[in-house]
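What the coordinates show
Next come the chains, spelled out residue by residue.
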Amino acid sequence: MESLFNSKLIASKNTPESLHKYEVKISTLPKENGWSSMMTLRSYQHFWFHSFFLKGAMHAQDHFQAQPGDIFLCNFMKTGCTWLKALSFSIITRTHFDDSNTPIRNALPHDCIPMLEFGEYYSPTGPKIPLYGSHIPYTCLPKSIIHSRCKIVYLCRDPKDTFVSMWHYFKRMVETNKTGKEVSFVSIEEAIDLFCRGVSSFGPYWDHVLGYWKASLEHPERILFLRYEAMKEETESCVKKLAEFFGCPFSLEEERGGKIEEIIELCSFESLSNLEVNKSGKQVKKDGYMENSAYFRKGKVGDWRNYLSDEMGNRLDNIMEDKLTGSGFSFLNK
Ligand SMILES: Nc1ncnc2c1ncn2[C@@H]1O[C@H](COP(=O)(O)OS(=O)(=O)O)[C@@H](OP(=O)(O)O)[C@H]1O
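All values derive from a computational prediction rather than experimental measurement.

As enumerated under the stated definition, the model contains 16 salt bridges in all. Of the charged contacts in the structure, one is a salt bridge between E254 and R94, with a shortest N-O distance of 2.7 Å. Placement of the pair is E254 in helix 12 (residues 252-256) and R94 in the loop between helix 4 (81-92) and helix 5 (109-112), with a sequence separation of 160 residues. The same class applies to E254 as to R94, namely buried. For K259, the salt bridge identified is with E262, shortest N-O distance 3.0 Å. One end of the pair is K259 and the other is E262, both in helix 13 (residues 259-266) and 3 residues apart, which spans about a single turn. Here K259 falls in the buried class, since its relative accessible area comes to 15%.

Here it is in structure tokens:
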């Protein structure tokens, strides 16, 4: 495990100046007004991106130099990356921190593991570990990630729960904006129409899933494909799988000493959502802020039923199934 800490992080951090040329390019790309007047989406390499993420993604494509020992935690938005980050960070740093002094107790998991498209190539808190998060689709990842053969964990989630989670998250973002302008936000009915057309942050969701799914079939030793629902149902076996995949499996002694349970408990929805930092902390952004509590809404499987009719749910399921046909992956299979 020591080697994980010694891996060299090489990157050029982005700056407002270095991002300017991307802003110019982005302004020429096809656009959709998206879900809100403050969230224009731009089409780039067959996916829809919010300009803010796209700037960072383009900069990463040009400048990010992955190292063979780096590990990327990738997902479409709202499929559980806060949880995956907390678990992965805890697994990898378990010989450096224990339950009482882990940075997870005092920082949002997103502040422990940097996000590639935010241009944060170094974690603001905690040790320099070669873990990164990203929502960038597989085919749009910086080439050095593919060529250096680093490991990738991909987490997906039932599309209906993902959509509902996303709608709530962006609604909250719009409500806390500081632009001083009146900002519109779509109804859930309009939003699902857009989602079903593939128009959502990092959408289409099906192409996002397919990119990583196909890559995981081609390179199973390098890409671990996980589902949120399986993590909920069999958390222990997923945590063991992650540790093995990261190259730091739990020893018998750790297993007997309850290390796995300790990590699962620390990273559970109940525990994380009740930490002071996650109850009252905020992520300050250009146009406002996002309360850390927005990353911990309900954490339930099947919550979509409280917001979508059966007809809306079936429509989304049918579109997803249609797009995934022939891939060997289906959200309808367990
Ligand atoms: N520890 C833990 N366990 C289980 N589920 C959890 C956990 N932490 C966050 N969540 C739920 O994950 C949803 C947020 O997804 P992401 O973390 O991917 O959001 S983001 O893309 O980083 O903004 C969001 O789902 P919804 O509750 O359905 O909105 C969170 O509540």
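Next up on the list: the nonpolar core. Grouped together as the largest cluster of nonpolar side chains are 110 residues, with contacts concentrated most on W35, F72, F163 and F246. Of all the elements, helix 7 (residues 159-175) adds the most residues to this core, at 8 residues.

Below, the discussion takes up the sheet that holds strand 2 (residues 41-44). On the basis of which strands lie adjacent, the open sheet formed by 3 strands has the order 1-2-3 and antiparallel pairing. Both outer strands of the open sheet, strand 1 (31-32) and strand 3 (47-50), are each paired with one neighbouring strand and no more.

Here the focus is the packing of helix 11 (residues 235-246) against helix 13. Across the interface, helix 11 lies against helix 13 with an axial gap of 10 Å and an inter-helix angle of 105°. Comparing the axis directions of helix 11 and helix 13 gives the class roughly perpendicular. Contacts from T235, E236, V239 and K240 of helix 11 reach helix 13 at I260, E261 and I264. Among the residues forming the contact of helix 11 with helix 13, the class breakdown is 3 nonpolar, 1 polar and 3 charged.

Let us look at the packing of helix 9 (residues 205-218) against helix 16 (residues 310-324). The N-to-C vectors of helix 9 and helix 16 enclose an angle of 35°; their axes lie 10 Å apart at closest approach. Of the two elements, helix 9 crosses helix 16, and the hand of that crossing is right-handed. When helix 9 is examined against helix 16, the residues Y205, W206 and L210 are found in contact with a partner set consisting of I319, M320, K323 and L324. Classifying every residue of the contact of helix 9 with helix 16 gives 6 nonpolar, no polar and 1 charged.

The next thing to look at is the pairing of strand 7 (residues 223-227). Along strand 7, 5 of the 5 residues are buried, which leaves the element largely enclosed by surrounding structure. Residues I223, F225 and R227 point to one face of strand 7 and L224 and L226 to the other, with burial holding for every one of them. Both strand 6 (residues 151-156) and strand 7 contribute to a ladder of 5 bridges, which runs parallel. The residue bridging I152 from the neighbouring strand is I223, located in strand 7.

Calculation notes
Residues numbered from 1 in each chain as written. Predicted model: local features only at pLDDT ≥ 70, side-chain atom pairs only at ≥ 80, totals over all residues. Heavy atoms only, no water. Salt bridge = Lys/Arg side-chain N within 4 Å of Asp/Glu carboxyl O. Helix = DSSP H or I, 4+ residues; strand = E, 2+ residues; numbered from the N terminus. Buried < 20%, exposed > 50% of the residue type's maximum accessible area, 1.4 Å probe, protein only. Core = buried A, V, L, I, M, F, W, Y, C linked by side-chain atoms within 4.5 Å. Pairing = 2+ DSSP bridges. Axes fitted to C-alpha atoms, helices over the stretch in contact; angles between N-to-C directions. Parallel < 35°, antiparallel > 145°, perpendicular 65-115°, else oblique. Contact = heavy atoms within 4.5 Å. Nonpolar A, V, L, I, M, F, W, Y, C, P; charged D, E, K, R; others polar. Left-handed = near helix turned anticlockwise from the far one by under 90°.

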